[in-house]
Amino acid sequence: MRAIWKGAVSFGLVSIGVKVYSATEEKDIRFHQVHREDGGRIRYKRTCSVCGEEVTYDDIAKGYDIGGGEMVILTDEDFADLPLSTSHAIDVLEFVPAEQVDPILYNKAYFLEPEGSATKPYVLLRDALSDSERVAIVKVALRQREQLATLRVREGVLLLNTMLWPDEIRRPDFGFLDEDLKVRPPELAMASSLIDSMAGEFEPDAFTDDYRAALQEVIDAKVEGREVVQPEEEEAAPAAAVDLMAALKASVERARAARGEAPSGGGAEPTPISSARSAKKAAKKAAAKKAEPAKKATAKKAPAKKTAAKKAEPAKKTAAKKTPAKKKTA
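The structure contained in this document is the topic of the report that follows. Position labels on residues start from 1 in each chain and follow its written sequence. Local features are withheld for residues below a pLDDT of 70 in this predicted model, meaning they are given only at 70 or higher, and side-chain atom pairs are given and counted only at 80 or more; totals for whole chains, interfaces and linings count all residues. Excluded from the side-chain calculation are hydrogens and water; included are all heavy atoms of the structure.

### A few points about the nonpolar core
So, point 1. To qualify as a nonpolar core, a set must consist of buried Ala, Val, Leu, Ile, Met, Phe, Trp, Tyr and Cys residues joined through side-chain atoms within 4.5 Å. Burial here depends on accessible area, computed with a 1.4 Å probe over protein chains only, as a share of the maximum for the residue type. Under 20% is buried, over 50% is exposed, and the range in between is partly exposed. Ranked by size, the top nonpolar core spans 21 residues in total, and within it Val9, Ile90, Leu112, Val138, Leu151 and Leu160 carry the most contacts.
So, point 2. Note on conventions: DSSP H or I runs of at least 4 residues are helices, E runs of at least 2 residues are strands, and numbering of each starts at the N terminus. Breaking this core down by element, the ones donating at least two residues are strand S1 (5-11), strand S2 (14-22), strand S5 (89-97), strand S6 (106-114), helix H2 (119-132), strand S7 (134-141), strand S8 (146-154) and strand S9 (157-163).
So, point 3. The contact criterion used throughout is that any non-hydrogen atoms of two residues lie within 4.5 Å. With near-sequence residues (within four places) excluded, Ile90 lies in contact with Trp5, Ala8, Val9, Ser10, Val18, Leu112, Val138, Lys139, Val140 and Leu160.
So, point 4. Counting seven residues, the second largest nonpolar core, distinct from the first, contains Val96, Leu105, Leu148 and Met163.

Written as structure tokens, this is what we have:
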């Protein structure tokens, strides 16, 4: 790893020299825009919309649109006088319980490595932070911008998590929040049962980016000149639930089956969470119930036929006895 920033953690009167490294990396497969016919890279020129001339990086400044077609132009000198723009200090402001920091505030993560003779105070802060079960709230000027961040311990290393400012978090404004929706206790109990049946320990390594793997397979196949093996189609996502309780029950059964547990319905096969299938099954059951009286009536009529057949049997036997008598007479 290559350090992207050097500075010091200011912990009271203690200063700890550190190097900052990006703790994460994007694994997305990147592409270039090319000419379809010959594969040539597509280049873009920086041109001025007023004079039409091509502009070099040295002639580019930052402009702020104030509306009405007016633009305020800022130069490097304007940014140089801003506070903390070049400061290389991570100032610890306070220590707070980790659960009080909403995860939505977290932005990017960086590892901190002690520099030079700062190893002992670094380890001291790390161990004290672990024992306190708190995170440090800090301010840091990173990439020419002052940011709020936290310091916590991960795998024996101090981890700097930059955060968004509170006014950068949008507030949800959706119509359903003003509706008076009531959830029935049985529905809530069944949903809780579903959560319990799907409970587990989070293991990040158990999850993979299937899309990226499939895309890499396509690229490898192109390079090697072979055909791409199409992955198996996944089951389509279920439609919106028509019968919520039926969908919840089916979901619980499927989750139990996935864990190897016996279904709660006395050995019945678990059904997938599909409102369409639930509706079909409900319709079949209703049709079966309607058909039961007709079946019973048919069953009652059947013995009458048997009785008629039994009555016919003696007549056949009598006819059979009379036949030898006719032979004697002849």
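Resuming the write-up.
### A closer look at the pattern of salt bridges
Two side chains with opposite charge may pair up if their charged atoms get near one another.
So, point 1. Here, a salt bridge means any Lys or Arg side-chain nitrogen found within 4 Å of an Asp or Glu carboxyl oxygen. For the coordinates displayed, the defined rule picks out eight salt bridges.
So, point 2. The shortest N-O distance in the salt bridge between Lys27 and Glu25 comes to 3.6 Å.
So, point 3. Assessed through its relative accessible area of 61%, Glu25 is described here as exposed.
So, point 4. Put simply, Arg154 and Glu155 hold a salt bridge, and the shortest N to O gap is 3.7 Å.
So, point 5. Arg154 gets classed as partly exposed once you look at its relative accessible area, which sits at 39%.

### A word on empty space enclosed by the protein
Any space left empty among the atoms is revealed by the rolling of a water-sized probe across them.
So, point 1. With a 1 Å grid spanning the protein atoms alone, the term cavity applies to any set of points in which a 1.4 Å probe fits but cannot get out, the term pocket to an open set with protein on both sides within 12 Å along at least five of seven lines, and the term lining residue to any residue with an atom within 4 Å of a point. Grid points are joined across faces, edges and corners, and a volume is the space filled by probe spheres set on the points. Taken as a whole, this structure holds one cavity of 30 Å³ or more when the rule is applied.
So, point 2. Each pocket or cavity is described by its volume, and for the largest cavity that value is around 40 Å³.
So, point 3. Classification convention: Asp, Glu, Lys, Arg as charged; Ala, Val, Leu, Ile, Met, Phe, Trp, Tyr, Cys, Pro as nonpolar; all other residues, Gly among them, as polar. Here the residues of the lining of the largest cavity are counted per class, giving three nonpolar, two polar and two charged.

### Remarks on the pairing of S1
So, point 1. Pairing between two strands is assigned when DSSP locates at least 2 bridges connecting them. Two elements, S1 and S2, share seven bridges in a ladder whose sense is antiparallel. The partner of Ser10 across the bridge, within S2, is Ser15.

### Regarding a nonpolar patch on the surface
So, point 1. Taken together, the side chains of Tyr64, Ile66, Val72, Leu74, Phe79 and Leu82 present a nonpolar region at the surface, about 520 Å² in accessible area.
So, point 2. Checked against the element boundaries, Val72 lands in strand S4 (residues 70-74). In this scheme, patches are assembled from residues that exceed 30% relative accessible area and form no salt bridge. Like charges are connected within 9 Å, while nonpolar side chains (Val, Leu, Ile, Met, Phe, Trp, Tyr) are connected within 5 Å. Only the protein chains shown count as cover for residues, and the accessible areas themselves come from Shrake-Rupley with a 1.4 Å probe.

### Focus on the environment of Thr162
So, point 1. Relative to the assigned elements, Thr162 resides in strand S9.
So, point 2. The spacing of Thr162 and Gln147 is 15 residues in sequence and 6.5 Å in space, taken between C-alpha atoms.
So, point 3. When residues no more than four places from it in sequence are discounted, the contact partners of Thr162 are Leu105, Tyr106, Asn107, Lys108, Tyr110, Leu142, Gln147, Leu148 and Ala149.

Just distances and angles here, no functional claims.
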